[in-house]
Amino acid sequence: MISVDNAYIVQYLKSHFEKEILNIEEPYGFLTIEVKKEGLIALLVAIKNDSVLQMNFLTDLCGVHYPESPNRELAVVYHLHSFINNVRLRLKVFIPAADPQIPSATTVFDTANWMERETFDFYGILFLGHPNLKRILNVDDMDYHPLLKQYRLEDGTRTDKVDSFFGR
Amino acid sequence: MSQSLEKIAKESISGELTTLNLGPTHPATHGIFQNVLQMDGEKIHSAEQTIGYIHRAFEKLAERRPFNQITPITDRLNYCSSPINNMGWHMTMEKLLRIELPKRVEYMRVIIMELARIADHLVCNAVIGVDTGALTGFTYMFQEREHIYDMFEEVCGARLTTNIGRIGGFERDFNPIFHQKLQKFLKEFPARFQEFADLLERNRIFMDRTIKCGPISAQRALDYGFTGPNLRAAGVDYDVRVMNPYSSYQDFDFTIPVGTNGDTYDRFMVRQQEILESLKIIEQACNNLPEGDYKADVPEFYLPPKDKVYHNMEALIYHFKIVMGETNVPVGEVYHCVEGGNGELGYYLISDGGRTPYRLHFRRPCFIYYQAYPEMIKGSLLSDAILTMSSMNVIAGELDA
């Protein structure tokens, strides 16, 4: 019986997807791997179907916006969980805001459907191959993607709540 | 209309499919969500959900709120079990800040969280009863839920949206009245609950109505990201409390009930059994409640008591710094999940060291499993669809965030 832990996953991915991996971290013990968007779906399929890893459960999928980092403005974060081995894995894909496209994970996990719709709704990320990519929480005729950092939460003319008060 | 729809329409008695809007404010849906159904007589041919009617942009709001002010937002996710949401959030922050809690706090949290789980399951199961035509059980179980809310009131002053506890522990210790009420509840509730169980569990009408109603297989449930009682009803024994124990759940002896068919009856029965398991956990936590402080020693994050603030310089400084968000937090990202009333409730927090989260994402179990609804009700009758929805325990607050 092979014990599957973070080191095992790293070794597995390094041997099978060496070219797709850009960065490996372990913040708070949670293995986080940045991968290229081209290899994402193949990687998801492989770790889901691998007889040892069995990353069978997509826990969560969400977007993040980093307006300050050029060509890496948008991130899509996948949280995966292997019920058999009880290990979790976080995958990150960075994409430029100018071309916010990424292949849809709905082909691998049915549950990605609404999660991707939500991410599209909030960040305008286009999931290629998604069966029904439209807004989900906001109204259909909304003309912007509200979680992008350039859209202020409050009235932009207020001076009592500028960013410097929020530690940045 | 697509060709297959036309074909079905031709075969139906009236020669056409009926479009039926179930919701957004239909009394039988127990919340504000809409389903556009294509009906062949009384049979559902296809369905499409529209959600977002009470979307309040929690994730955007959270990016503009100091960490302690996010707790009231979490109240309003699954408002049937707010304390679990509150404490899940506190634990996320404690993970980020690497705060070690006294054992007593963890046990106190377990007691509150399990009470919340009982309240959550009581509402859900009582409502399943109502939707099958049995109102009596509902009226009885709501009285029991009131007793749980009375206990919350003793701990935090609020009943429904509790905002209970703080980062680092509780704002006050359990008082003697709370313990008294808890003991009374532990003594009296099982008998009352047994009456409710006797009314429904082996009731022929109820069983005929719920067995094979809205089933889902274990594989499909996993594909759709089901967690919590709905997944366990399908036969997968995944429970965050056991898989990734938090708040000392590893100290307690309890079992995970599972079903086999993933239908409404199994979902009902899993929740029924979980209520009993929760009672067991509460009893153990209560009997072994460790001595100690009701909060961790983290003055940078835990608000000092008011009288200290008025008379002690140090406390005043900490109070000011906490309220103004002047304390540094580590840069980093954490994911923490707890077993909510409906399943794995996750918090994905990215901190850039600022006063507020850079990004906070809630993994809301309702939102994720509700997408399976059309598949579960396809081909069933409208009345079964209503029942399926109430047995999935879709809570609009958690669904829409």
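The structure we're discussing is the one just above.
Residues numbered from 1 in each chain as written. Chains lettered and ligands numbered in written order. Predicted model: local features only at pLDDT ≥ 70, side-chain atom pairs only at ≥ 80, totals over all residues. Heavy atoms only, no water.

A.B. asks: Hey, could you run me through the overall build of chain A in this one?
C.D. replies: When its secondary structure is counted, chain A shows three helices and seven strands. Its helices and strands taken in sequence order, chain A reads α-β-β-α-β-β-β-β-α-β from the N to the C terminus. For chain A, the spread of C-alpha atoms along the principal axes amounts to about 60 × 35 × 25 Å. Burial analysis of chain A (168 residues in total) assigns 53% to the buried set. Partitioning the intrachain contacts of chain A with sequence separation of at least 6 by distance along the chain shows that 51% fall at a separation of at least 24. (Helix = DSSP H or I, 4+ residues; strand = E, 2+ residues; numbered from the N terminus. Buried < 20%, exposed > 50% of the residue type's maximum accessible area, 1.4 Å probe, protein only. Contact = heavy atoms within 4.5 Å.)

A.B. asks: How should a nonpolar patch on the surface be read in this particular structure?
C.D. replies: Taken together, Met313(B), Leu316(B) and Ile317(B) make up a surface patch of nonpolar side chains, about 280 Å² in accessible area. Structurally, Leu316(B) can be placed in helix H14 (residues 313-324). (Patch = residues over 30% accessible without salt bridge, like charges linked within 9 Å, V, L, I, M, F, W, Y side chains within 5 Å. Areas by Shrake-Rupley, 256 points an atom, 1.4 Å probe, with all protein chains shown as cover. Salt bridge = Lys/Arg side-chain N within 4 Å of Asp/Glu carboxyl O.)

A.B. asks: Just to check I follow, could you spell out the nonpolar core for this structure?
C.D. replies: Across soluble globular proteins, nonpolar side chains show a tendency to be buried alongside one another. Formed by 175 residues in total, the largest nonpolar core has its most connected members in Tyr78(A), Leu91(A), Leu115(B) and Phe226(B). When we break this core down by domain, the ones giving at least three residues each are domain 1 (3-50) and domain 2 (58-400) of chain B. If near-sequence neighbours (up to four positions away) are discounted, Leu91(A) is found in contact with Ile33(A), Val35(A), Leu40(A), Leu43(A), Leu44(A), Val76(A), Val77(A), Tyr78(A) and Leu80(A). (Core = buried A, V, L, I, M, F, W, Y, C linked by side-chain atoms within 4.5 Å. Domains from an automatic or database assignment.)

A.B. asks: I'm lost on the packing of helix H6 (residues 135-156) of chain B against helix H7 (residues 176-200) of chain B in this one. Help?
C.D. replies: Helix packing for two helices is described by the angle between their axes and how far apart those axes are. Residues and elements named next belong to chain B. Contact pair H6 / H7: the axes reach a minimum separation of 10 Å and the direction vectors enclose 165 degrees. Taken as axis vectors, H6 and H7 run roughly antiparallel relative to one another. In this structure, H6 crosses over H7, and the sense of that crossing is left-handed. Contacts from Gly137, Phe138, Tyr140, Met141, Gln143, Glu144, His147, Ile148, Asp150, Met151, Glu154 and Val155 in H6 reach Ile177, Phe178, Lys181, Leu182, Phe185, Phe189, Arg192, Phe193, Glu195, Phe196 and Leu199 in H7. Residues of the contact of H6 with H7, tallied by class, amount to 14 nonpolar, three polar and six charged. (Axes fitted to C-alpha atoms, helices over the stretch in contact; angles between N-to-C directions. Parallel < 35°, antiparallel > 145°, perpendicular 65-115°, else oblique. Left-handed = near helix turned anticlockwise from the far one by under 90°. Nonpolar A, V, L, I, M, F, W, Y, C, P; charged D, E, K, R; others polar.)

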